[in-house]
Amino acid sequence: MKKKNEALGTILRVCKMVLKILCAFTICMLVIILTMQVVNRNFLGHSFIWVEELAGLCMVYLTFLGSALATLNDTNTRVDFFIRLFPPKVTILFNILTDVISIVFLGLLGKLCIKSMADNMNNLSAAMKLPVSVNYLGMLAGMILMILFFMVRIYMEIEKITGKDLSVIEEAVK
């Protein structure tokens, strides 16, 4: 069991690092292209037509990959003031319930996302001529990662109930 937790901790550490790098890259790209657009508009008198599309694409990826990272770190917004008033085991059960509800919601949303990807596979964006499905791909990737991370959190909550040592996994997600 300890080796399983160590392997899971390593996988989570790698996922966290990759997500941080992707989010940082996306933010840097946003800053660069938007700065370039402002300079071109204000000083050169023209603008690139593809910047708004790329900025929108970056925002979609940043939002969903950032949400996956927040899920991994357990830093999603959660109003748990009243839940924390209950005994620890009841609090754990509420956490499991909210994670299951989140998985169901993301699964339904993912199903709609896959349908939208299929419907828009041949539609191209106006300026960059990318398939519109590329936007939905970022959403789907983020949702799949969030579902996996919610499952890890459920596993951790169940292991807490049984009193198992999760220090390796907890260290990986901090």
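Everything below is about the structure shown above.
Here the structure is a predicted model, which is why all the values come from computation and not from measurement. (Residues numbered from 1 in each chain as written. Predicted model: local features only at pLDDT ≥ 70, side-chain atom pairs only at ≥ 80, totals over all residues. Heavy atoms only, no water.)

S.K.: What's the story with the overall build of the chain in this structure? I'm lost.
M.R.: Helix and strand counts for the chain come out as five helices and zero strands. Each helix (α) and strand (β) of the chain, taken in turn from the N terminus, gives the series α-α-α-α-α. Radius of gyration (C-alpha) of the chain: 20 Å, far over the 16 Å computed for a compact globule of 174 residues. When the 174 residues of the chain are sorted by exposure, 34% land in the buried category. Of the contacts made within the chain by residues no fewer than 6 positions apart, 70% connect residues no fewer than 24 positions apart. Only carbon and sulfur atoms are counted for the fraction: they give 73% of the accessible area of the chain, which is about 10,800 Å². (Helix = DSSP H or I, 4+ residues; strand = E, 2+ residues; numbered from the N terminus. Rg over C-alpha atoms; globule rule 2.2 N^0.38 Å. Buried < 20%, exposed > 50% of the residue type's maximum accessible area, 1.4 Å probe, protein only. Contact = heavy atoms within 4.5 Å. Areas by Shrake-Rupley, 256 points an atom, 1.4 Å probe, with all protein chains shown as cover.)

S.K.: Hey, could you run me through the pattern of salt bridges in this one?
M.R.: Oppositely charged side chains may form a pair once their charged atoms are brought near each other. Scanning all chains against the criterion turns up six salt bridges. In this structure, the salt-bridge partner of E52 is R41, at a minimum N-O distance of 2.8 Å. Residue E52 is found in helix 2 (residues 51-73), and its partner R41 is found in helix 1 (residues 2-44); the two are separated by 11 residues along the sequence. Look at R41 and you get partly exposed, because its relative accessible area is 47%. Residue K164 pairs with E159 through a salt bridge whose shortest N-O separation is 3.8 Å. A relative accessible area of 8% means that E159 is categorised as buried. Look at the salt bridges and you will find they share partners, linking D74, D99 and R153 into a network. (Salt bridge = Lys/Arg side-chain N within 4 Å of Asp/Glu carboxyl O.)

S.K.: Help me out: how do you make sense of the packing of aromatic side chains in this one?
M.R.: Aromatic ring pairs are defined here through the distance separating the ring centres and the angle between the ring planes. Inspection of the entire model under this criterion finds two aromatic pairs. Pairing F48 with W50 gives two aromatic rings, centres 5.4 Å apart and planes at 35°, and the pair type is tilted. Exposure remark for F48: the relative accessible area of 26% places this residue in the partly exposed category. Residue class for W50 comes out partly exposed when judged on its relative accessible area of 29%. Consider the rings of F86 and F94, whose centres lie 5.4 Å apart with planes at 25°: the pair is stacked. (Phe/Tyr/Trp six-rings, centres within 6.5 Å; stacked < 30°, edge-to-face > 60°.)

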